[in-house]
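Each chain, written out:
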Amino acid sequence: VRDMDHLVSVKAFFRDVRISEITETKLREYVAWRVKKGMSRATIKSDVVGVGKVLRWAVKKQWLSAMPELPKVRVARTRLDVPTQEEIGRIIDALPDRLKLLVRFLASTGCRKGEALNLRWVDVDLRSQRVYITSRQGWTPKTEHSERDFTIVDDDLFAQLVASKDGKSEYVFPGTDPKKPIQYFRKSFATAVLRANIMRGDRRLKVTPHSLRKAWATWAATEAKLHPALIKRMMGHSPTSTVTDGWYIATPTEALKAAW
């Protein structure tokens with residue numbers, strides 16, 4: 001049911017097609033239709049994966065006699081650059097005070113931006129320093145594996161979080177209206193990145209809030225040496241996912257030189 005929220009285009013394309021009529025040919029037609037509309041290969045691949053889950057469920061329910069072959073959608077690898085912890089510190093220093101704690105939390109936990117913004121105090125165990133990412137009315141984590149819990153191991157960060165609790169808002173990161181979380185900070189974040197002046201040779205490094213999640217995964221894998229299964233769990237990825245290694249973890253040049 002969660003994945004159907006991401007399959008609006010699939011439902012539109014197959015609206016007049018019985019599930020028993022969805023064949024490999026039909027799926028290839030869907031891919032071609034999405035390509036023609038200018039959608040990214042990554043988005044189309046995610047759609048095909050979602051269709052596959054629905055079709056496997058249909059086979060299990062015996063509504064479909066056999067699972068059709070899913071078309072393979074190749075996605076070109078993009079350059080994966082992530083900021084170092086020192087560079088993230090420079091970004092945080094350049095942020096308005098109201099955003100410093102939020103960005104530090106994102107960089108220290110690997111949480112998705114939406115998970116942090118929707119985090120409420122009821123989801124935080126103040127004794128164990130444990131955070132629970134759970135569904136509630138009006139908001140649902142990205143996938144079933146996104147529902148998880150983890151411990152904030154940075155005691156100083158947790159102390160700052162507790163100190164920020166003023167009893168006026170149910171949200172850990174409230175906006176100017178305490179009844180709502182922080183809504184929009186992309187512009188302020190981009191300005192802080194420019195002020196931090198993070199370079200890779202002659203190239204200015206592109207850093208977004210999502211880059212903090214990739215930076216955390218890279219740090220967890222290459223410096224903290226966390227087990228891959230634990231990294232996937234903490235990030236809310238499926239145990240069988242290849243996304244974590246392929247799209248979130250960059251191997252620093254220093255690590256390659258040391259290994260060589």
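The shown structure was predicted, so the numbers you read here are calculated from the model rather than taken from an experiment.

K.L.:
Could you give an account of the side chain of T109, with specific residues and numbers?
P.N.:
Tracing the backbone shows T109 in helix α5 (residues 97-109). Accessibility expressed as a relative area gives 3% for T109, which makes it buried. Of the polar contacts made by the side chain of T109, one reaches the backbone oxygen of F105; its length is 2.7 Å. Among the polar contacts listed, one links the side chain of T109 to the backbone nitrogen of C111, at a separation of 3.3 Å.

K.L.:
Hey, could you go over the environment of R104 for me, with residue numbers and the actual values?
P.N.:
Its place among the elements puts R104 in helix α5. Sequence spacing of R104 and I91 is 13 residues, and the spatial spacing of their C-alpha atoms is 9.7 Å. Those residues within four positions of R104 in sequence are excluded, and the remaining contacts are I92, D154, D156, L157 and Q160.

K.L.:
Any chance you could break down the nonpolar core for me, citing the residues and the numbers?
P.N.:
Counting residues in each nonpolar core, the largest one holds 48 residues, and the members touching the most others are L102, F105, L161, F173, F185 and F189. At the level of secondary structure, the elements contributing two or more residues to this core comprise α4 (85-94), α5, α6 (113-117), β2 (130-133), α7 (155-164), α8 (186-196), α9 (209-222) and α10 (228-235). Sort the elements by how many residues they give to this core and α5 lands first, with seven residues. The residues contacting F173, other than those within four sequence positions of it, are L101, L102, F105, A116, L161, P181 and I182.

K.L.:
Give me the lowdown on α10, citing residues and values where you can.
P.N.:
Because an α-helix packs 3.6 residues into every turn, residues spaced three or four apart end up facing the same way. Looking at α10, one finds that the buried residues are I231, K232, M234 and M235. Looking straight down α10, one finds its buried side chains confined to an arc of 165 degrees; they lie on one side. G236 occupies a position one or two residues after α10 and carries a positive phi of about 80 degrees.

K.L.:
Help me get a handle on the pattern of salt bridges, residues and values and all.
P.N.:
Counted according to the given criterion, the structure contains 13 salt bridges. With a shortest N-O distance of 3.6 Å, R233 and D149 are connected by a salt bridge. Here D149 lies in strand β3 (residues 148-151) and R233 lies in helix α10, a separation of 84 residues in the sequence. Take R233: its relative accessible area is 41%, and that puts it in the partly exposed class. According to the relative accessible area criterion, D149 is buried, its value standing at 18%. Residues joined in a network through salt bridges with shared partners are R104, D154 and D156.

K.L.:
Break down the sheet that holds β3 for me, citing the residues and quoting the values.
P.N.:
The strand order across the open sheet formed by three strands is β1-β2-β3, and the pairing between neighbours is antiparallel. Either end of the sheet is taken by a strand with one partner, and the two such strands are β1 (124-125) and β3.

K.L.:
Give a description of the confidence of the model for the chain that names residues and reports values.
P.N.:
Taken residue by residue, the chain gives an average pLDDT of 88. The fraction at 70 or more is 91%. Taken together, the stretch residues 253-260 has pLDDT below 50 and engages in one contact with residues farther than four places along the chain or on a different chain.

The rules behind these values
- Residues numbered from 1 in each chain as written.
- Predicted model: local features only at pLDDT ≥ 70, side-chain atom pairs only at ≥ 80, totals over all residues.
- Heavy atoms only, no water.
- Helix = DSSP H or I, 4+ residues; strand = E, 2+ residues; numbered from the N terminus.
- Buried < 20%, exposed > 50% of the residue type's maximum accessible area, 1.4 Å probe, protein only.
- Polar contact = N/O pair within 3.5 Å; in protein donor to acceptor, adjacent residues only side chain to side chain.
- Contact = heavy atoms within 4.5 Å.
- Core = buried A, V, L, I, M, F, W, Y, C linked by side-chain atoms within 4.5 Å.
- Arc of directions from axis to C-beta.
- Salt bridge = Lys/Arg side-chain N within 4 Å of Asp/Glu carboxyl O.
- Pairing = 2+ DSSP bridges.
- pLDDT = per-residue confidence, 0-100.

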